[in-house]
Amino acid sequence: MHIAYDRGNDTAYVSLVARIPDGAAVRQVPVEGIAEDAEVVLDLDEGGQLLGIEVTGARRVLPAELLGEAP
């Protein structure tokens, strides 16, 4: 698992696999009900395997210590 955090845009990406090849994430599934001012999108491959999670408004929904450790 790898976490990347863009402080300027308050967006985090949690990769659940070592590397996501270009074009591998063929389906994006928004998750509702996280927070009014945050958005979570799941990236899935063609077989339905979860590759990663994109979080916009990350400071509102992810632990500060997690974001503080992210590059």
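See the structure above.
First things first, this report covers the structure right here in the doc. (Residues numbered from 1 in each chain as written. Predicted model: local features only at pLDDT ≥ 70, side-chain atom pairs only at ≥ 80, totals over all residues. Heavy atoms only, no water.)

Considering the pairing of strand S5 (residues 50–56)
Then, number 1: Pairing of strand S2 (residues 11–15) with S5 involves five bridges; the strand directions are antiparallel. Residue pairing in the sheet places Val14 in a bridge with Ile53 of S5.
Then, number 2: Sheet analysis places strand S4 (residues 38–44) next to S5, joined by six bridges and oriented antiparallel. Residue Leu42 lies in a different strand from S5, and its bridge partner there is Ile53. (Pairing = 2+ DSSP bridges. Helix = DSSP H or I, 4+ residues; strand = E, 2+ residues; numbered from the N terminus.)

So, the pairing of strand S1 (residues 2–6)
Then, number 1: Residues Ile3 and Tyr5 point to one face of S1 and are all buried, whereas His2, Ala4 and Asp6, pointing to the other face, are not buried.
Then, number 2: Bridging between S1 and S2 involves five bridges; their strand directions are antiparallel. By the bridge assignment for S2, Tyr5 is matched with Ala12.
Then, number 3: Between S1 and the antiparallel strand that follows it, S2, lie four residues; Asp10 among them carries a positive phi value of about 50°. (Buried < 20%, exposed > 50% of the residue type's maximum accessible area, 1.4 Å probe, protein only.)

Considering the pattern of salt bridges
Then, number 1: Per the counting criterion, the structure on display carries three salt bridges.
Then, number 2: In this structure, the salt-bridge partner of Arg59 is Asp10, at a minimum N-O distance of 3.9 Å. Highlighted residues: Arg59 in helix H1 (residues 58–61) and Asp10 in the loop between S1 and S2, separated in sequence by 49 residues.
Then, number 3: Classification of Arg59 as exposed rests on a relative accessible area of 53%.
Then, number 4: Of the charged contacts in the structure, one is a salt bridge between Arg60 and Asp37, with a shortest N-O distance of 2.8 Å. (Salt bridge = Lys/Arg side-chain N within 4 Å of Asp/Glu carboxyl O.)

Describing the sheet that holds S5
Then, number 1: On the basis of which strands lie adjacent, the open sheet formed by five strands has the order S1-S2-S5-S4-S3 and antiparallel pairing. One side of each edge strand has no neighbouring strand; the edge strands of this open sheet are S1 and strand S3 (27–35). Neighbour-to-neighbour, the strand axes of the sheet open up by a mean angle of 20°, direction not taken into account. (Axes fitted to C-alpha atoms, helices over the stretch in contact; angles between N-to-C directions.)

Notes on the environment of Thr56
Then, number 1: Tracing the chain through its elements places Thr56 in strand S5.
Then, number 2: Sequence spacing of Thr56 and Glu39 is 17 residues, and the spatial spacing of their C-alpha atoms is 5.0 Å.
Then, number 3: Apart from the residues within four sequence positions on either side, Thr56 is in contact with Asp10, Thr11, Asp37, Ala38 and Glu39. (Contact = heavy atoms within 4.5 Å.)

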